[in-house]
Amino acid sequence: MSQIVGISLLGCGVVGSGVLKILELQQMEIERRTGLRLEVRHVVVRDPARVRDIPAAFPRDRIHGDADRAIDDPNVAIVVELIGGTTRARELIDRAICSGKHIVTANKSLLALAGPELFRLARERNSSISFEASCAGGIPIIDALLRGLSANRIDALIGIVNGTCNFILSKMTREKMGYAEALAEAQALGFAEADPTLDVSGRDAAQKLAVLSTLAFGVHVREEDIELCGIDGLAADDIRFAGEFGHVIKLLASASRSASGALRLRVSPTLVPQSDMLAQVSGSFNAVSVYGSSLGHAMFYGRGAGQLPTGSAVVADILSTATGVGPAMFRALKSFPDSAGPVRLEHADASESCFYIRLTVEDRPGVLAAVTDAFGRASISLRAVLQHESSSSDAVPVVILTHRCRTGALREAIRQINALPASRAAATCLPVLESPVEFA
Ligand code: HSE
């Protein structure tokens, strides 16, 4: 006779529906493997009457709007928060923890904002919080960081962690599709956040990077510690020129440890060499490259968004909570935001990178000389320069790749170039990925 584990789902959008479908499909196999019968006793939604994409057999009287009833039910052991946002979701999680329930959540915004407080409360109340679905959809990267990679000092973590941005950039690169059209398609496919500006501004990726780098580096990283640039200002020209240099543009979330131990944290459209494995990650797929002191380079790849992939991570968390594995890890490990130390950040100007720069300048003698002079004075060496003839106007794009240089020096050179009388628009600067050499 299987033991029944009661579950309340708070929220039943794209991911919640996926959870119900997976639980129905996998019910027998889950029972065979664990001896547990997972029973969703409540699904709390704003509009219970709405028609939903959930299994036909799911009892409709369990769908209602009363969160208190769902949390207080003594037969519920696990509360799954899939509402998103940071206000109501936080109230309900606090309340569920105080009622002695274990929490499963996909809410990276809330974890990035209030991780330490939530985890501390859960520890005090002998509860636990599992959050695999908060980062990179169905990829078990959190489990890998907590367990599989625990023999390593992590030196760098570089990821494509926003499926919407990756989908848009892939469409713009491969199909020459416009930005707005690609975004609309990502929304229709259910990858995008309710508010897609969270995706395209890079904030969703920054929140995920905050969660992942806290676990990877053992320091508490907040969203505001991360240098941020989204894909919303990217021009189609940049995608084209990057291609001419043998690169593709990806929204990368990266965290790396400098020689002094300080962390460099950045989310930015980045030029990735076409030969790099990250360049092959397309559509809504995500990938996270981790560089560990013992393992070297490991890459985790899979679907980063969508109903069943994200549902897969939620159901894995429900199972590890129900079997006691998740709560035991939660008690045993000091890896969570409440026990992580303070972060020490590398000064933005001190960090080094190669850069892609697109200038818009007048097409007349001496302009290129003035531009290269500004780079020379900042001790920046150029790797490649590209200029096509302009057919329509007297302003032309000049595109440059630099060798590795200090970000502070680059800023100074760009300030001087933007101030040249021949400059027609502010320069676009993007980093170029170099895989950490010592572990390549
Ligand atoms: N909106 C997110 C993405 C999915 O596009 O990756 C959930 O994290």
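Anyway, here's the lowdown on the structure attached to this text. (Residues numbered from 1 in each chain as written. Predicted model: local features only at pLDDT ≥ 70, side-chain atom pairs only at ≥ 80, totals over all residues. Heavy atoms only, no water.)

Focus: the packing of aromatic side chains
No. 1: In the structure shown here, the tally under the stated rule is seven aromatic pairs.
No. 2: With centroids separated by 5.5 Å and ring planes inclined at 90 degrees, the aromatic side chains of Phe 119 and Phe 131 adopt a geometry described as edge-to-face. Of the two residues, Phe 119 sits in helix α4 (residues 108–124) while Phe 131 sits in the loop between β6 (129–130) and α5 (141–148), which places them 12 residues apart along the sequence.
No. 3: Put simply, the rings of Phe 119, Phe 131, Phe 330 and Phe 336 touch in pairs and so form one group of aromatic residues.
No. 4: The ring centre of Phe 330 lies 4.4 Å from the NZ or CZ of Arg 123, which sits over that ring.
No. 5: Looking at Arg 240, its charged tip hangs above the ring of Phe 241, at a distance of 4.8 Å from the centre. (Phe/Tyr/Trp six-rings, centres within 6.5 Å; stacked < 30°, edge-to-face > 60°. Helix = DSSP H or I, 4+ residues; strand = E, 2+ residues; numbered from the N terminus. Lys NZ or Arg CZ within 6 Å of the ring centre and 35° of its normal.)

So, the site of the ligand
No. 1: Around the ligand, the surrounding shell consists of Lys 108, Val 161, Asn 162, Gly 163, Thr 164, Phe 191, Ala 192, Glu 193, Asp 199, Asp 204, Lys 208 and Ala 305.
No. 2: In the environment of the ligand, a nitrogen atom lies 2.7 Å from a nitrogen or oxygen atom belonging to the side chain of Glu 193.
No. 3: For the ligand, whose unbound accessible area comes to 260 Å², protein coverage reaches 92%.
No. 4: When each cavity is represented as a set of grid points, the ligand is found to reside in the largest pocket.
No. 5: Those elements giving two or more residues to the shell around the ligand turn out to be α6 (163–174) and α9 (203–217). (Near = heavy atom within 4 Å. Polar contact = N/O pair within 3.5 Å; in protein donor to acceptor, adjacent residues only side chain to side chain. Areas by Shrake-Rupley, 256 points an atom, 1.4 Å probe, with all protein chains shown as cover. 1 Å grid on protein atoms, 1.4 Å probe; cavity = no way out; pocket = protein on both sides within 12 Å on 5 of 7 lines; lining within 4 Å. Sits in = over half its atoms within 2 Å of the grid points.)

Observations concerning the sheet that holds strand β2 (residues 36–44)
No. 1: Spatial ordering of the open sheet is given by β3-β2-β1-β4-β5-β6, a layout of six strands whose pairing is parallel. One side of each edge strand has no neighbouring strand; the edge strands of this open sheet are β3 (63–64) and β6.
No. 2: Pairing geometry for strand β1 (residues 3–10) and β2, over eight bridges, is parallel. Bridge pairing in β2 places Gly 6 opposite Glu 39. (Pairing = 2+ DSSP bridges.)

As for the nonpolar core
No. 1: Ile 129, Phe 131, Ile 141, Ile 142 and Tyr 356 are the most contacted members of the largest nonpolar core, which totals 81 residues.
No. 2: It is α9 that provides the largest number of residues to this core, a total of nine residues.
No. 3: Residues contacting Ile 142, with those up to four places away along its chain left out, are Phe 131, Glu 132, Ser 134, Cys 135, Val 211, Leu 212 and Leu 215.
No. 4: If you look at the next biggest cluster of nonpolar residues, it comprises 29 residues, including Leu 23, Phe 58, Ala 106 and Leu 319. (Core = buried A, V, L, I, M, F, W, Y, C linked by side-chain atoms within 4.5 Å. Buried < 20%, exposed > 50% of the residue type's maximum accessible area, 1.4 Å probe, protein only. Contact = heavy atoms within 4.5 Å.)

Side note on the pattern of salt bridges
No. 1: Evaluation of the coordinates by the stated rule reveals 35 salt bridges.
No. 2: Among the salt bridges present, the one from Arg 123 reaches Asp 338, with a minimum N-O distance of 2.6 Å. Linking Arg 123 in helix α4 with Asp 338 in the loop between α12 (325–332) and β14 (341–342), this pair joins segments that are 215 residues apart in sequence.
No. 3: Given a relative accessible area of 19%, Asp 338 falls into the buried group.
No. 4: Put simply, Glu 244 and Arg 240 hold a salt bridge, and the shortest N to O gap is 3.8 Å. (Salt bridge = Lys/Arg side-chain N within 4 Å of Asp/Glu carboxyl O.)

Regarding helix α1 (residues 14–34)
No. 1: Most pronounced at Gln 26, the bend in α1 amounts to some 65 degrees.
No. 2: Residues Val 15, Gly 16, Ser 17, Gly 18, Val 19, Leu 20, Ile 22, Leu 23 and Ile 30 constitute the buried set of α1.
No. 3: Looking at the buried positions of α1, the neighbouring elements they touch are β1, β2 and α11 (307–322).
No. 4: Two residues or fewer after α1 comes Gly 35, characterised by a positive phi angle close to 70 degrees. (Bend = angle between axes of the 7 residues up to and from the residue.)

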